[in-house]
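# Inside the fold
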Amino acid sequence: MSPVAITLLMLLAFAGFAVLAWRKLRLLAALQRENRWDRPWQRARSVLVNGLMQRRMLQREWHSGLMHAVIFLGFMSLLLRKLQLIVIGYDADFVFPAAFGGPFAAFKDAVELAVIAAVLYALWRRFVKPPMRLERNREAWLVLGLIMSIMLTDLAFDGFRFALLSAQAPGIAHEREFAFAGRAVAGALAGLSPQALQLGYQLSYWTQMVVVFSFLVLLPTGEHFHIVTALPALFFRRGRPAHRVPGVDIDKLMEATDEADMRAGVRTVRELHWKEGLDLFTCTECGRCKDACPTFLTDKPLSMKAVNDSLKQHLMAEREAVLAGDAQQQLPALVGTVVSEDTLWACTSCGYCETACPIELEHLDRFFRMRQHQVMIAGEFPHELKKVFEAYESQSNPWGLQAAQRADWAEGLDVPVVATSAEVAGLDYLFYVGSAMSFDPRGQKIARAFVKVLQHAGVRVGILGAREGSTGECVRRVGNEMLFQQLATSLVGTLGELGVTRIVTCDPHALNSLRNEYPEFGGHYEMLHHTQLIANLLAQGRIRVGAALQRVVFHDPCYLGRHNGEFEAPREVLRRLSSDAPLEMALSREKAMCCGAGGGRMWMEETIGKRINIVRVEQALATQPTVIATACPYCAVMVGDGLGAAQPGGTTASRDIAELVAEALQPAAD
């Protein structure tokens, strides 16, 4: 071999990689700072489990996940082989010590054959029968071709090396005994002349080394830079689900006297956090975020994969302005130039994109923060939200109805409206009703049914009535952080004054805010969803139900399932109510599709593509159910409306689990 040639090749490759990688990584230092060093052991565990062991990649789609895992682990495990090849460039007879070299040669051959099989599957899957989420991609052709050429040239190099040198080099002969694939290639080449073997030996070595180092230089230029950034992105991940919206320092905002200091959320690319920039460079463009995304499946102009790519291209295009630091106000606004308004406001905050992402990239925070700027600084948001904001400001509910009417739904139910801490102390739970079930007729039926179940079980429950303010969950997710904090502070004050610690609610959105966001404002509560409490009452024998239901299918609420991890309680209740096994939609549990109401979409018109709730109902109807069960007042409205549109006059009913239980209650056992 040639020490001079291999040295020059390495120097050029490492220099090229360093320059191209630095062009991107230097940008991260110019973005907004954010501390990501807390919980180091939990972060390291995610790197091990989801990075090195590829757990999230293998979940749900084991065939494509296994393909990627084989290629990734093959790439990692063969790094030692590349070091061996570099040393061979200086010493042609170099081999590992016999005790290690032989087994490693066998391991290497097995890995290379597995990688070849995985690449062939990847080519077939991407270009012969691609899933809907994958587009044709020239870089994928190139990278898969490079990987295949590295594997093939390495096997060829072993074959030529064994055939040419094993007779006079005992170490190489020892490797040949273990390298079953290389030995087979050497046997096929045995009839060639020494000159042909020497030519093949040199050609296979240098072809492989040029491809390997070209691949290294290529990495920073495209989506496969994630090979370098994926493990750091996993380490610095947020470490929490998508159920908390980034806050805004309202006091600082209100004290700002200079227009340049009046900032909230994200206006330009330079206002992204450095981790958000790292995520842009790390996105693998696998498209898994689209599989159950309600906007993608209904032809809305939102694909997190496309958003990531657009933001990444914009960040690189504005590189000099970002690095300049003081040119922030000259940078174009992201919304309207890089991310369209239709794209920004299409998101339902269902969280599927983050659940599906194999490397835990954080997609939603960017959207929440762009919405915060649009609402609080730019004053540009969908016109429907203006009335919603005004209603929340005046009456703490999106309808603008009088707070005094909050308890009207409970008329005749003998539900105590608590006014003192002593009254609260006498309760098992405070029932947080929420605006949807206080004012919407569909929600009121659910609330009445739930109270009937609790009273049948002897559970002591009370409500706040007119003093029950909104959690503000909706306004926070559409960007009105100031209004949210006003509502949250008021409700925390009320609950604190009354000494409330245990709360049950039928509203997963309220559950999520009270459990996961209110601790920021001093509110710490033991939260239960109504399906969890009902499941507990059934398990304890405090209520009995008949099992008359047949062919019932459950629609998972995003804020109960994905955001708060509760999938079993509603299903356990339905199993007790059913004479047969409850049905499951194709998109269920972690992969359930949103009904379309989250992220403030309940209050915005849906004018692009198909209606999300109708598509979701069609998915349910594909199971031929008699009942579509829900566990969220917003889902109940969306599914009910969707049924009316998809199956007018049909026989399928939409019922909340509380209603189904109330209708099936049996007398207590003697």
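Residues numbered from 1 in each chain as written. Predicted model: local features only at pLDDT ≥ 70, side-chain atom pairs only at ≥ 80, totals over all residues. Heavy atoms only, no water.

## Describing the overall build of the chain
The line we're drawing: Going along the chain from the N terminus, every DSSP run of H or I of four or more residues is numbered as a helix, and every run of E of two or more is numbered as a strand. The contact definition used throughout considers only heavy atoms, calling two residues in contact when any of these lie within 4.5 Å. In this charge count, Lys and Arg are treated as positive and Asp and Glu as negative; neither His nor the chain ends contribute. To locate a charge, take NZ of a lysine, CZ of an arginine, CG of an aspartate or CD of a glutamate.
Secondary structure assignment for the chain yields 30 helices and nine strands. Reported as C-alpha extents along the three principal axes, the dimensions of the chain are approximately 100 × 70 × 45 Å. Look at the contacts in the chain between residues 6 or more apart in sequence, and 81% of them connect residues 24 or more apart. Computing the positive centroid from 68 side-chain charges and the negative centroid from 69, the chain places the two 5 Å apart.

## Topic: the pairing of strand β7 (residues 627–630)
Defined as follows: Three labels apply to residues, based on accessible area from a 1.4 Å probe with only protein chains included: buried if under 20% of the type maximum, exposed if over 50%, partly exposed otherwise in between. DSSP calls a pair of strands paired once it identifies at least 2 bridges connecting them. Clockwise travel from the first strand over the helix to the second, with the strands pointing away from the viewer, marks a crossover as right-handed.
Alternating residues of β7 divide into Val 627 and Ala 629 and Ile 628 and Thr 630, and every residue in both groups is buried. Inspection of the sheet shows strand β6 (residues 552–554) paired to β7 by three bridges, in the parallel sense. If you follow Val 553 over to β7, its bridge partner there is Ile 628. The pairing of β7 with strand β8 (residues 653–656) spans four bridges and is parallel. Among the inter-strand pairings, Ala 629 is bridged to a residue of β8, identified as Arg 655. Considered for its hand, the β-α-β crossover made up of β7, helix α29 (residues 633–646) and β8 is right-handed.

## Some details on the environment of Met 370
Tracing the backbone through its elements, the reader meets Met 370 in helix α18 (residues 364–378). By relative accessible area, which is 1% here, Met 370 ends up buried. When neighbours within four sequence positions are excluded, Met 370 is seen to be in contact with Val 266, Leu 334, Val 335, Val 339 and Leu 344.

## Overview of the sheet that holds strand β2 (residues 461–462)
Ordered in space as β2-β1-β3-β4, the four strands form an open sheet in which the pairing is parallel. The sheet is open, and its two borders are formed by β2 and β4 (526–529), each paired with just one other strand. Bridging between strand β1 (residues 429–432) and β2 involves two bridges; their strand directions are parallel. Bridging from a neighbouring strand, Leu 430 pairs with Gly 462 of β2.

## Remarks on the nonpolar core
Defined as follows: For the purposes of this section, nonpolar cores are sets of buried Ala, Val, Leu, Ile, Met, Phe, Trp, Tyr and Cys residues that join through side-chain atoms within 4.5 Å.
Core analysis: the biggest nonpolar cluster contains 184 residues, and Phe 431 and Val 661 have the highest contact counts within it. Ranked by residues supplied to this core, first place goes to helix α7 (residues 138–165) with 13 residues. When residues no more than four places from it in sequence are discounted, the contact partners of Val 661 are Val 453, Ile 534, Ile 543, Val 545, Val 573 and Leu 577. Formed by 12 residues, the second largest nonpolar core is a distinct cluster that contains Ala 292, Cys 350, Cys 558 and Val 615.

## Brief notes about the sheet that holds β8
Heads up, the rule is: Simply put, an axis is a line fit to the C-alpha atoms, just over the touching stretch for a helix, and the angle between two N-to-C directions goes from 0 to 180 degrees.
Reading across from one edge, β6-β7-β8 is the order of the three strands in this open sheet, with parallel pairing throughout. At either margin of the open sheet sits one strand with a lone partner, and together these are β6 and β8. Each adjacent strand pair in this sheet contributes to an overall mean axis angle of 30°, direction not counted. Lying over the sheet, helix α30 (residues 657–664) contacts β6, β7 and β8, oriented at roughly 90° with respect to β8.

## Description of a nonpolar patch on the surface
Operational definition: Each patch is built from residues lacking any salt bridge and having more than 30% relative accessible area; the joining distance is 9 Å for like charges and 5 Å for nonpolar side chains (Val, Leu, Ile, Met, Phe, Trp, Tyr). Calculation of accessible area relied on Shrake-Rupley with a 1.4 Å probe; when residues are assessed, cover is drawn exclusively from the protein chains displayed. The term salt bridge refers to a side-chain nitrogen of Lys or Arg lying within 4 Å of a carboxyl oxygen of Asp or Glu.
On the surface, Leu 48, Leu 52, Met 53, Phe 75, Met 76 and Leu 79 cluster together into a nonpolar patch covering about 500 Å² of accessible area. Listing elements by their share of the nonpolar patch, those giving two or more residues are α2 (40–52) and α4 (62–77). Here Phe 75 shows up in helix α4.

## A few points about unusual backbone geometry
Positive phi, normally seen in glycine, also occurs at Glu 285, with a value near 55°. When you line up the elements, Glu 285 lands in the loop between α13 (274–282) and α14 (304–317). Accessibility expressed as a relative area gives 14% for Glu 285, which makes it buried. Of note, Ser 349 is a non-glycine position whose phi angle comes to about 60°, a positive value. Positionally, Ser 349 belongs in the loop between α16 (341–346) and α17 (352–356). Owing to a relative accessible area of 1%, Ser 349 belongs among the buried residues under this scheme.

## Thoughts on the environment of Asp 656
Spelled out, the test is: Throughout this description, a polar contact denotes any pair of N or O atoms lying within 3.5 Å of each other; where both atoms belong to protein, one of them has to be capable of donating a hydrogen while the other can accept it, and for residues adjacent in sequence the pair is counted only when both atoms sit in side chains.
In this structure, Asp 656 sits in strand β8. Remark: the alpha-carbon pair of Asp 656 and Thr 630, spanning 26 residues in sequence, is separated by 4.6 Å. Beyond its immediate stretch of four places on either side in the chain, Asp 656 contacts Arg 442, Ile 446, His 530, Thr 630, Ala 631 and Cys 632. Here Ala 658 takes part through its backbone nitrogen, which lies 2.8 Å from a polar atom of the side chain of Asp 656.

## Quick notes on the side chain of Ser 578
Within the fold, Ser 578 resides in the loop between α27 (568–577) and α28 (612–621). Within the local environment of Ser 578, its side chain forms a polar contact with the backbone oxygen of Leu 574, the two atoms lying 2.7 Å apart. Those residues within four positions of Ser 578 in sequence are excluded, and the remaining contacts are Ala 547, Leu 549 and Val 552.

## As for the packing of helix α6 (residues 98–127) against α7
Going by this rule: In these notes the angle categories are as follows: under 35 degrees is roughly parallel, over 145 is roughly antiparallel, 65 to 115 is roughly perpendicular, and the rest is oblique. Handedness of a helix crossing follows the sense of rotation of the near helix relative to the far helix, less than a right angle counterclockwise being left-handed and clockwise being right-handed. When residues are sorted by character, Ala, Val, Leu, Ile, Met, Phe, Trp, Tyr, Cys and Pro go into the nonpolar class, Asp, Glu, Lys and Arg into the charged class, and all the rest, Gly among them, into the polar class.
Running from N to C, α6 and α7 cross one another at 155°; their axes reach a closest spacing of 10 Å. Judged by the inter-axis angle, α6 sits roughly antiparallel to α7. At the point where α6 passes α7, the crossing takes the left-handed sense. Touching Lys 108, Asp 109, Glu 112, Leu 113, Val 115, Ile 116, Val 119, Leu 120, Ala 122, Leu 123, Arg 126 and Phe 127 of α6 are Ala 140, Trp 141, Leu 144, Ile 147, Met 148, Met 151, Leu 152, Asp 154, Leu 155 and Asp 158, all from α7. Grouping the amino acids of the contact of α6 with α7 by side-chain chemistry returns 16 nonpolar, no polar and six charged.

## Quick notes on helix α10 (residues 194–218)
Given 3.6 residues per turn, any residue in an α-helix points the same way as the ones three and four places further on. Put simply, the rule is: Multiply 1.5 Å by the residue count of a helix minus one, and that product is the helix's expected span.
For α10, spanning 25 residues, the distance from its first C-alpha to its last is 36 Å, which sits close to the expected 36 Å at 1.5 Å a residue. Three or more residues of α10 are buried, namely Leu 197, Gly 200, Tyr 201, Ser 204, Tyr 205, Gln 208, Met 209, Val 211, Val 212, Phe 213, Phe 215 and Leu 216. Lining the buried residues of α10 we find α1 (3–30), α5 (79–90), α7 and α11 (226–235).

## Regarding the side chain of Asp 440
With respect to the helices and strands, the residue Asp 440 is situated in the loop between α21 (435–439) and α22 (441–457). Of the side chains with opposite charge, Arg 442 lies nearest to the buried Asp 440, which makes no salt bridge, at 6.8 Å. Here the side chain of Asp 440 touches Arg 442 through a polar contact of 3.0 Å, landing on its backbone nitrogen. Apart from residues no more than four positions distant in its own chain, Asp 440 is found in contact with Trp 399, Ser 435 and Val 637.

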